[in-house]
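What the coordinates show
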Amino acid sequence: VNWNINWRGSASYITGAHAMKFGYQGGHDIDSGTNFYNHTRVNYRFNGGVPNRLTMNFGNWRNDQHTKHAGLYAQDSWTMKRGTLQGAVRYERAWSYFPAGQGWDGPDLFHRDPVVFDKVTGVPGFNDIMFRGGLSWDLSGNGKTALKANAGQYVQAANNQDRYTTGNPANSFARTTNRNWNDRDGDYVPDCDLMDPAANGECSQWLTPNFGSVSSVSEVNPAILEGWGVRPSDTQYSVAIQHEVLPGVSTEFIYHWRTFSGFTVTDNRALGPADYDEFTITAPADPRLPDDGGYPVSYFAPNKVVASDNYVTFASDYGHQSQYWHGFDINVNARLRQGLLLQGGTSTGRGIRDNCEIVDRLPETLIVTGVTQQRASCHVTEPFQTQVRGLASYVVPKADIQVSATFQFKPGTGGIGGNSTASNGASLDANWFAPA
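Within each chain, residue numbers correspond to sequence positions counted from 1 in written order. For this predicted model, a pLDDT threshold of at least 70 governs which residues receive local features, and a threshold of 80 or more governs which side-chain atom pairs are given and counted, while totals over whole chains, interfaces and linings are taken from all residues. The basis for every side-chain value is the complete set of non-hydrogen atoms in the structure, without hydrogens or water.

**Overview of the overall build of the chain**
Stated precisely, the cut-off is as follows: Secondary structure elements are taken from DSSP: a helix is a run of H or I of four residues or more, a strand is a run of E of two residues or more, and numbering for both begins at the N terminus. When we talk radius of gyration, it's over C-alpha atoms, and the globule rule is simply 2.2 Å times the number of residues to the 0.38. For every residue, the accessible area obtained with a 1.4 Å probe (protein chains only) is divided by the maximum for its type, and the residue is called buried under 20%, exposed over 50%, and partly exposed between those limits. Residues count as neighbours in contact if any of their non-hydrogen atoms are within 4.5 Å of one another.
Of the regular secondary structure elements, the chain holds one helix and 27 strands. Here the C-alpha radius of gyration of the chain, 29 Å, is well above what a compact globule of 436 residues would show, namely 22 Å. The principal-axis extents of the C-alpha atoms in the chain amount to approximately 90 × 60 × 55 Å. The proportion of buried residues among the 436 residues of the chain is 33%. Restricting to contacts in the chain with at least 6 residues of sequence separation, those with at least 24 account for 66%.

Have a look at this one:
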């Protein structure tokens, strides 16, 4: 069950030249859930009708997460003879916690003692001050050409995700485990002592050795959970010029720039750069690939197996990381006689991101959920993509009926992809590649 409760209040003061507003916004995001299992607390997996694995589960497990935020803001719009100046400042604080009572009150099949957690703080407090502003200026003084500019900073929304869930004890408790099952006598009953973690009878050992206890969790730099200006954010800028071509017809050109900050990384301190080997495989010759394929593709892989010792901290502790997007819009608006309205335009842009300095020190950042990304993926320049859109509406005289139509062309974010496992020294087979 999820609740997203918000409240706000504001007051405005408007004069001939000014429009001032002061306000408060608050919110409480609650994520409360219970995982229910069947009365046996066991799930079974079959392959072709033959059992091969079972999963042991703790009883009905309760998980509660709470995130709150509060903000104060002040803004003003000041109109002069040929221009309008807008400015705003906002202070926001966000924090999270996990209330007492999470867990499972037992007793149950696989644990005779209850597991109930006390209240725990997740994010003690993010504090941010953000500024936003804009300017519109009549260049010619006749109201036909306007120059506009604006800038603003926006922090990550406060919700029950990302850093706000750090430290939740209910998430770090190993409440399920798999074990392989060889049903030798074909009776569909696991003939083994399920509470014995070692292999016995028809069952393998617990595949999660710490089942029924707190699992290993990543150590987190407390500095990423509290303080001023540490929350992920993006800053946006735009410059525009608008011109009246004919009475009722205007064109507009806008350039946008959006940059991101507040990145974190996970460092497996059990491995260093020397513990990874870089290897190269050759993409197949295939006309569906860029430049018809045949190019080398490099990856990193660890050269030894060790227990993880993960540490989550600022990406800037290991090097430079950047991400931004920029692009431009072209719009045309026409309000013609007899209620005919025409609007249309294009949006073109691309994103660029780079964390190669960090990859050199932390090759493990290229391994995401067990999938190894290409070495070259540390720097990505996306191709420019263009959207086209338009609309028209018309009011039929005398009948007073409005008819309208819209059009939009929006390209996708990427092509068809696939994953493959390549053996040592092998090239990738062409059949897993698809058009980019």
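**What to know about the pairing of strand β20 (residues 310-314)**
Filter applied, for reference: Whether two strands pair comes down to DSSP finding at least two bridges between them.
In terms of burial, β20 is largely enclosed, as four of its five residues are buried. As judged from the two bridges shared by strand β13 (residues 219-220) and β20, these two strands associate in the parallel manner. Among the inter-strand pairings, V220 is bridged to a residue of β20, identified as V312. Relative to β20, strand β17 (residues 264-268) runs antiparallel, the two being bridged by five bridges. The residue of β20 that forms the bridge with D267 is Y311.

**Looking at the nonpolar core**
For clarity, the cut-off: Among buried residues, the Ala, Val, Leu, Ile, Met, Phe, Trp, Tyr and Cys ones that are joined through side-chain atoms within 4.5 Å form a nonpolar core.
Counting residues in each nonpolar core, the largest one holds 17 residues, and the members touching the most others are L54, M56, F58, W61, V115 and L194. When sequence neighbours within four positions are dropped, the list of residues in contact with V115 reads F58, W61, Q102, G103, W104 and F173. Listed in part, the 10 residues of the second largest apolar core include A94, V123, L225 and V230.

**A short note on the side chain of R179**
Put simply, the rule reads: Charge counting treats Lys and Arg as positive and Asp and Glu as negative, with His and both chain ends excluded. We define a salt bridge as a side-chain nitrogen of Lys or Arg found within 4 Å of a carboxyl oxygen belonging to Asp or Glu. Any pair of N or O atoms that falls within 3.5 Å is considered a polar contact. Within protein, one atom must be able to donate a hydrogen and the other to accept it, and sequence-neighbouring residues count only if both atoms are side-chain atoms.
With respect to the element layout, R179 can be found in strand β12 (residues 176-180). The charged side chain of R179 is buried without a salt bridge, its nearest counter-charge being D196 at 6.0 Å. At 2.8 Å, the side chain of R179 and the backbone oxygen of L194 are in polar contact. Separated by 3.1 Å, the side chain of R179 and the backbone oxygen of D196 make a polar contact.

**Some thoughts on the environment of S77**
Topologically, S77 is positioned in strand β5 (residues 61-79). Expressed as a C-alpha distance, the spacing of S77 and D193, which sit 116 residues apart in the sequence, is 73 Å. Contact partners of S77, with chain neighbours within four places excluded, come to A17, H18, A19, T84, L85 and Q86.

**Section: the sheet that holds β17**
Spatial strand order, β13-β20-β17: three strands in an open sheet with mixed pairing. Across the chains shown, the open sheet's two edge strands, defined by having one partner strand only, are β13 and β17.

**Focus on the pattern of salt bridges**
Considering all chains together, one arrives at 13 salt bridges under this definition. Between E92 and R231 there is a salt bridge, and its shortest N-O distance comes to 3.2 Å. Here the residue E92 occupies a position in strand β6 (residues 83-98), and R231 occupies one in the loop between β14 (226-228) and β15 (233-246), the gap between them amounting to 139 residues. Under the relative-accessibility criterion, R231 is labelled buried at 2%. Where salt bridges share partners, they join R90, E92, D128 and R231 into one cluster.

**Some words on the packing of aromatic side chains**
Each aromatic ring pair is specified by the distance between its two centres and by the angle formed by the two planes. Quick reminder of the rule: Pairing of aromatic rings covers Phe, Tyr and Trp, the last through its six-membered ring, and needs centres within 6.5 Å; plane angles under 30 degrees mean stacked, over 60 mean edge-to-face, and all others mean tilted.
By the definition in use, this model includes 16 aromatic pairs. Arranged with centres 6.1 Å apart and planes meeting at 80°, the rings of F58 and W61 form a pair that is edge-to-face. As far as burial versus exposure is concerned, F58 and W61 are alike and both buried. Judged by centre distance (5.4 Å) and plane angle (85°), the rings of F58 and F211 are edge-to-face.

**Quick word on the pairing of strand β16 (residues 249-261)**
As paired strands, β15 and β16 are joined by 13 bridges and run antiparallel to one another. Residue pairing across strands places V239 opposite Y255, the latter belonging to β16. Where β15 folds back on β16, the antiparallel hairpin that results is connected by two residues, among which G248 adopts a positive phi of roughly 85°. As defined by bridge partners, β16 adjoins strand β21 (residues 322-335) across 11 bridges and the pair is classed as antiparallel.

**Observations regarding the state of the cysteines**
Rules: Cysteine sulfur atoms that pair up within 2.5 Å are treated as a disulfide.
According to the stated counting rule, one finds two disulfides in the structure shown. The disulfide partner of C356 is C378, and the S-S distance across this bridge is 2.0 Å. Sign of the S-S torsion, about 80° for the bond between C356 and C378, identifies this disulfide as right-handed. Of the two residues, C356 is situated in helix α1 (residues 356-361) and C378 in the loop between β24 (371-372) and β25 (379-381); the sequence distance between them amounts to 22 residues. Relative accessible area serves as the criterion here: at 3%, C378 is assigned to the buried category. Once the bonded cysteines of the chain are numbered in order along the sequence, the disulfide links fall as 1-2, 3-4.

**Digging into the sheet that holds strand β3 (residues 42-47)**
Our working rule: Axis lines are fitted to C-alpha atoms, over the contacting stretch for helices. Their N-to-C directions set the angle, which ranges from 0 to 180 degrees.
Read from one edge to the other, the open sheet built from three strands follows the order β3-β4-β12, with strand pairing classed as antiparallel. What marks the edges here is a single partner per strand, and that holds for β3 and β12. Adjacent strand axes in the sheet meet at a mean angle of 20° when their direction is disregarded.

**With respect to the confidence of the model for the chain**
Quick note on the threshold: The predictor's confidence in any single residue is recorded as pLDDT, a number from 0 to 100.
Per-residue pLDDT for the chain has a mean of 89; in total, 94% of the residues score no lower than 70. Long-range and interchain partners of residues 425-436, a stretch whose pLDDT sits below 50, account for 26 contacts in this model, where long-range means more than four residues apart.

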